[in-house]
Every structure is written in structure tokens, then in C-alpha cells.
Amino acid sequence: MSDGNYSMLEAINEAKRCLHCKVPQCKKGCPISNDIPDWIHELSMGNLGNAMAIINAKSNLPAVCGRVCAHERQCEGNCILNKKGAHINIGKLERFIADFDGSMGLIHDKIVEKNRGRVAVIGSGPAGLTIAGELSRKGFAVEIFEMEPEPGGVLRYGIPEYRLPKEVVNKEIKKIEQLGVVFHCNTTAGTGLTIDELFDRGFDAIFMGTGTGKPKRLDIPGARLDGVRQAIYFLRRVSLYNAGYISRNEVPVKEGDKVYVVGCGNTAMDAARTAIRLGAAEVTVVYHRTINEMSALRAEYDDAVSEGVKFRWKSSITGIRDTDGTLNEIVVESEGEREILPADKVILAVGSSPASRIVSTTTGIEVDEKGYVKTREFPYGMTTRKGVFAGGDVTNRPATVVHAMHDAQQVAEGIIQYVDAMKLMEAIDAPRDPDAATTGDETKK
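Residues numbered from 1 in each chain as written. Predicted model: local features only at pLDDT ≥ 70, side-chain atom pairs only at ≥ 80, totals over all residues. Heavy atoms only, no water.

Caption draft 1: Examining the sheet that holds strand 8 (residues 282-286) more closely. With parallel pairing, five strands are arranged side by side in an open sheet as 6-13-7-8-9. Looking along the sheet, the strands with just one partner apiece sit at the ends: strand 6 (228-230) and strand 9 (310-312). Taken over all neighbouring pairs, the strand axes of this sheet differ in orientation by 25° on average, direction set aside. In terms of strand pairing, strand 7 (residues 258-262) meets strand 8 through five bridges, oriented parallel. Bridge pairing in strand 8 links V261 to V285. Along the sheet, helix 12 (residues 231-242) makes contact with strand 6 and strand 13 (345-348), crossing strand 6 at roughly 80°. Contacting strand 7, strand 8, strand 9 and strand 13, helix 13 (residues 266-277) runs over the sheet at an angle of about 170° to strand 8. (Pairing = 2+ DSSP bridges. Helix = DSSP H or I, 4+ residues; strand = E, 2+ residues; numbered from the N terminus. Axes fitted to C-alpha atoms, helices over the stretch in contact; angles between N-to-C directions. Contact = heavy atoms within 4.5 Å.)

Here you go:
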């Protein structure tokens, strides 16, 4: 085994361990109900093309899911063999199949004619890519509008290279592109291109998958100092640097910095481990609860510890200090005790809320008191403006890549129902061709 990946023989031997349960708990544990035993069985017989086709029926991003899904809480955590501590390594098998398929460039989808309707997708993260793949396979012409220089959203700019190589993201996006989906990058919907303008271009429906681009802040002294950065901003800057768009000195963390990360979810772990990789002298995660209450996966925590990240439990940063505008100290309170510690950077991973640039430039889209877009159950995902749909983080539903994909699959069905119904009503209301009517009458005679 190299780089944690299976060889062909290792993958087939692992697949042979599957019990093919009559009621597969692994499938129940998967948010998108992936037909796991079926594709594992095909793999065990060496039928990788069949295995990939089964996966593709439920997932548009298998190489991504095989790497970043919370397998320990989902499919693998529900595997019957988990009781013996020997669950099938479903994530690694899915990754193996998807990587093999990508490297071989196999063809699975017959490109269907795009005559069912036109759909605009705003945002190219997991939700947007899933919507695009689902609709394109079912005869819709889909165009994606992305504000960043390259598509992928959080897959490219929010998940570090060591967890999700950008080469993998590129291959998954290329597969979506090969379905006939058109990408428009460096295009910001809301400020540069409004919902009304998209409808004027002839789109039948629009999907908003813009995520949560507005980070939450700490309400403490010093929270607005230059050395305080949001985790999603920090991770995005690192991705832009790795891709050659910005220089190293434009990345917030410098070599030798003492870094404190606030929060204990997977994003906090990504930020902490990335800071270590950038050469930070010391990285400490500060969390106001205990290890048993963190939202991060235990595997992510274990990896962070092994890489040198430190943790302070039941602790909060209550103040951030500076000398002449340069951050140099933090105030930490732990169970009633107060400490002043030297610091160079503070990275906040305490959640985010939706950006308002689309809602503020569009009439008829209602949001709740926290700024999340309101949607309806039927057609699923449609906002309070007819023809405009939303899904993913912008609606406050999913929390992970695979949950965003599941939500997007349901929204795709809602879009299909809506567009098909509108096309039917247009056909019914369209004036009849008098010549065709005459011909029909003559035929009857």
C-alpha cells in the first residue's frame, strides 16, 4: 500500500470481506443511500466499470466522498463488522474505484440531448456540482456561475490539499464538464450578475448554492486586530497561494508564529494542521467545552495531535492585545483562572452565516432572522420567488459535503418538477396552429 491507497489486489481482498447483508446498515448510514454492498460486490469480482456505474447513480463526487466523508459516523460506523472492530474500509474502497476510473478515463454516461430546459447554478461547491450533474444527466442545459478563478467552492478553497488533493477536485469537475455543463468563473452573482439578468438570458430556473461566506466574529476586545483571521479566509488564502494566485507573504500565518485556533470542528482542525504545515512554531486549539463535545471527527483530532497541535479544553479567549497595532498577547480563561499568553495570530473557526449579496439585489427572496434563505417543501428547495431554488449551507440544512449533496439531489428533483410543469403549461396555453387544426379536421373527414 502506498500513500494510504489500496493496490488492486488489496482493494479486491478488502471487498471480499463484505458480508452482503440482507439489510445493509452501511447504506442506511449513508446520507445519499449509496448502494454500497452492490458496488463492493462488483469490485470483488474485478468489475470496476460496473462498480463505478452503481456509485455514479447516487454520487457525482465519489473521489471526494471517499476522502472527506465522516465514514466513522456514517457507512463504516454502521457496518455490522464494526462490532468486532473490523468494519469494511468503505471510504478507501470508494476512493480506489473513483481514482482508478479517473486515471483510466472510462466513459459511463451517454450524453443526452439538452432540450428539457435551461438552469443556472450559482456556486460550484458540493451542492452546485451535484445539482449540475443530476440535471445534466436528465436532459437540462446547465451553466454554473462561480465567483472564484476556478470551480470547486469549499472543495478547492476550504479543504486543505493534504485531505483533498486539488488534482482530485479537478478530475471530478472535468467529469461534470463532460456531461455538457458550462462553467463561468470570475463571475459574482448578485453584484456583477443579478437573478433578474439570469432570467432575462432565458434560464427556466436558478439554483443558489452560495454557501455561508460571512464568518461569525468573537465579541471580545481586540477581535478586529489585523492578526485575527477567519479560518475560511485563512484556508482560502493558502489554497490561492498553492495554486500560484498569490505570494507566500499574502498568507496570514508566517513561519515561527504562535497560533491560536478558536473552535473545535473539522474546519478548526484543518486550520490548525495547515498552520503547522506552514511552519508555525506552536499551534493551540482553544475550545470552551471538552473533547467529548467537539464536533470534529476523532480521526481528525488524532491526526492533529500526532502533528503537534496542542489543545486547551474548557477554555475561552476573552481578550486579544497588541502593541502599536501588532497582535502580541491573548487573555485565556480556563475554569475561573486567567492567563496572559504570547501570541502572533488568532484564527477563528466559530461558524459562519450566509452572505447577502444575492438576496439584497433581488426582490421576492425571503430569509429568516439569521439570514438563511427560506425554502418550501414542494417543489422542494424553491424559495419564495418562483423559479429560484436554494440548497446547501445557504439554507442552514447540511453540515458536510455529503449532506450538501443529499440536499442538492432533493432540490434537483424539485427543479425538474417545476420546469416540467412550466413547460407543460406553456404548451397548453400556446396558440394552436390553424393549419395544423385544418389538416386534422380534413384527416377526420
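What follows picks up the thread again.
Caption draft 2: Inspection of the layout of surface pockets at higher detail. Counted as a void, the second largest pocket has a volume near 590 Å³. What lines the second largest pocket is a set of 23 residues, among which G66, R67, H71, R95 and E300 lie closest to the centre. Of all elements in the fold, only helix 5 (62-68), helix 7 (90-104) and helix 14 (298-306) reach the threshold of two or more residues within the lining of the second largest pocket. Residues of the lining of the second largest pocket, tallied by class, amount to seven nonpolar, six polar and 10 charged. (1 Å grid on protein atoms, 1.4 Å probe; cavity = no way out; pocket = protein on both sides within 12 Å on 5 of 7 lines; lining within 4 Å. Points joined across faces, edges and corners; volume = space filled by probe spheres on them. Nonpolar A, V, L, I, M, F, W, Y, C, P; charged D, E, K, R; others polar.)

Caption draft 3: Looking closely at helix 10 (residues 166-178). Under the 1.5 Å per step criterion, the end-to-end length of helix 10 is 18 Å for 13 residues, consistent within 8% with the ideal 18 Å. Within helix 10 the residues assigned to the buried category are K166, V168, V169, E172, I173 and I176. Looking straight down helix 10, one finds its buried side chains confined to an arc of 155°; they lie on one side. What points out from helix 10, more than 90 degrees from its buried face, is the exposed set E167 and Q178. (Expected span 1.5 Å × (residues − 1). Buried < 20%, exposed > 50% of the residue type's maximum accessible area, 1.4 Å probe, protein only. Arc of directions from axis to C-beta.)

Caption draft 4: Structural context of the pairing of strand 11 (residues 326-334). Sheet analysis places strand 10 (residues 315-323) next to strand 11, joined by eight bridges and oriented antiparallel. In the sheet register, I320 faces strand 11, and the bridge partner there is I330. Joining the antiparallel neighbours strand 10 and strand 11 is a turn of two residues, in which D324 adopts a positive phi near 55°. Both strand 11 and strand 12 (residues 337-342) contribute to a ladder of six bridges, which runs antiparallel. From the neighbouring strand, I330 faces strand 12, where its bridge partner is L341.

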